[in-house]
Amino acid sequence: MKGFIFDLDGVLLSTDELHYQAWKRIADKVGIPFDRKDNDRLRGVSREASLEIILEKYDGQLSAAEKEDLCNEKNEYYKELLHTLNEDTIDPAVRDTLSFLRKEGYRLAVGSSSKNTKTILQRTKLADYFDAVSDGNNITKSKPDPEVFLKAAEYLFLKPEECFVVEDAEAGIDAAVAGGFCPIGIGPASRYRKTKFPIGKISELKEIAVKAEPQLQK
Ligand code: B16
Ligand code: MG
């Protein structure tokens, strides 16, 4: 194994609450019931697919243009909320683990559905830990399609079978399996039957990394 591809949201940090507040504003405006339990179903799902899930409780009909406007409005509000992120948002164990993996010779990438990935990495000062970023801006199909991870592996000049994928969402684990990656599940994904290595906390990656004996030792 030579690389680790990290999902962003739910693995490196959690922006669940910010997504919730932004979608709640949209749901209230349209008059759709929406709570934190509904928000859990949006984890790892693209912006457009998230709106479709929210609209399951809507009686009326919206045109494609109206849906696009709602997605854009949600994103504008979400981007405002992203200003609350900073270096301290990140659990120190995340930085420690990423540093360790780099020292062991692994190449690291982010594989996220979010089109705001680069802003989030910059605001939290995580950008420099990664050799590559594959996100919602360079894909046409979201998880559970493997495209986002296949692109990440390509950017790392590695084959899928040489990379672990670290995910918190079942859709992400499905994407990793479909692409031929080795799936590591954290949080809800640690209880998913398709997860090869379930972990309780991110620092457990160190042990997995040492056992996998990277061939790119510095
Ligand atoms: P954006 P991940 C996902 O990130 C989030 O989990 C999901 O809730 C969000 O809808 C999606 O990104 C798109 O985000 O609206 O910023 O493009 O888990 O794939 O890192
Ligand atoms: Mg996620």
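Treat the numbers as computed from the prediction; the structure is a model and nothing was measured.

### Some remarks on the coordination of the magnesium ion (ligand 2)
Distances from the magnesium ion (ligand 2) to its protein donors, Asp7 (OD), Asp9 (O) and Asp168 (OD), fall within 2.1 to 2.2 Å. If you list the donors of the magnesium ion (ligand 2) from N- to C-terminus, the spacing comes out as D-x1-D-x158-D. Here the residue aspartate 7 occupies a position in the loop between strand 1 (3-6) and helix 1 (16-30), and aspartate 168 occupies one in the loop between strand 4 (163-167) and helix 8 (170-179), the gap between them amounting to 161 residues. A relative accessible area of 4% means that aspartate 7 is categorised as buried.

### So, the domain arrangement of the chain
Here the chain is partitioned into domain 1 (3-13 + 87-212) and domain 2 (16-82). For domain 1 and domain 2, the distance between their C-alpha centres works out to 25 Å. Taken together, the contacts link 12 residues of domain 1 with 11 residues of domain 2. Both sides together, the interface formed by domain 1 and domain 2 hides about 890 Å², and carbon and sulfur atoms give 46% of it. Of all residues in domain 1, Asp9, Lys115 and Asn116 bury the most surface against domain 2, accounting for 42% of the area lost on that side.

### Here's the deal with the site of ligand 1
Close contacts around ligand 1 come from 19 residues, with Val45, Ser112, Ser114, Lys115 and Asn116 the closest. At 2.9 Å from an oxygen atom of ligand 1 is found a side-chain nitrogen or oxygen belonging to aspartate 7. The contact in question runs from an oxygen atom of ligand 1 to an N or O atom on the side chain of arginine 47, over 2.8 Å. Relative to its unbound accessible surface of 470 Å², ligand 1 loses 98% to contact with the protein. Elements represented by at least two residues in the shell around ligand 1 include exactly helix 3 (47-54) and helix 4 (64-81). Within the shell around ligand 1, the residues separate by chemical class into 4 nonpolar, 8 polar and 7 charged. Inspection of the shell around ligand 1 shows a minimum of three residues originating in each of domain 1 (3-13 + 87-212) and domain 2 (16-82).

### Observations regarding the nonpolar core
Counting 37 residues, the largest nonpolar core has Phe4, Phe6, Leu12, Leu98, Leu126, Phe130 and Leu205 as its most contacted members. Counting contributing residues per domain, this core is built from domain 1 (3-13 + 87-212) and domain 2 (16-82), each supplying no fewer than three. Contacts of leucine 205, omitting those with residues within four sequence positions, involve Phe4, Phe6, Thr97, Leu101, Val166, Ile184 and Ile199. Leu156, Cys163, Ala176 and Phe181 belong to the second largest nonpolar core, which has 15 residues in total.

### Considerations on the pairing of strand 1
Here strand 1 shows two buried faces, one formed by Gly3 and Ile5 and the other by Phe4 and Phe6. Note: strand 1 against strand 2 (residues 107-111), 4 bridges, orientation parallel. Counted as the bridge partner of phenylalanine 6 is valine 110 from strand 2. Sheet analysis places strand 1 next to strand 4, joined by 4 bridges and oriented parallel. Looking across to strand 4, one finds that phenylalanine 6 is bridged to valine 166.

### Things to note about the environment of phenylalanine 149
By the element assignment, phenylalanine 149 lies in helix 7 (residues 147-155). Judged by relative accessible area, which is 0%, phenylalanine 149 ranks as buried. Through-space distance from the C-alpha of phenylalanine 149 to that of aspartate 135 is 8.9 Å; in sequence the pair is 14 residues apart.

Scoring rules and cut-offs
- Residues numbered from 1 in each chain as written.
- Chains lettered and ligands numbered in written order.
- Predicted model: local features only at pLDDT ≥ 70, side-chain atom pairs only at ≥ 80, totals over all residues.
- Heavy atoms only, no water.
- Donors = N, O, S within 2.8 Å, 3.2 Å for Na, K, Ca; no water.
- Helix = DSSP H or I, 4+ residues; strand = E, 2+ residues; numbered from the N terminus.
- Buried < 20%, exposed > 50% of the residue type's maximum accessible area, 1.4 Å probe, protein only.
- Domains from an automatic or database assignment.
- Contact = heavy atoms within 4.5 Å.
- Buried area = accessible area lost by both parts, 1.4 Å probe.
- Near = heavy atom within 4 Å.
- Polar contact = N/O pair within 3.5 Å; in protein donor to acceptor, adjacent residues only side chain to side chain.
- Areas by Shrake-Rupley, 256 points an atom, 1.4 Å probe, with all protein chains shown as cover.
- Nonpolar A, V, L, I, M, F, W, Y, C, P; charged D, E, K, R; others polar.
- Core = buried A, V, L, I, M, F, W, Y, C linked by side-chain atoms within 4.5 Å.
- Pairing = 2+ DSSP bridges.

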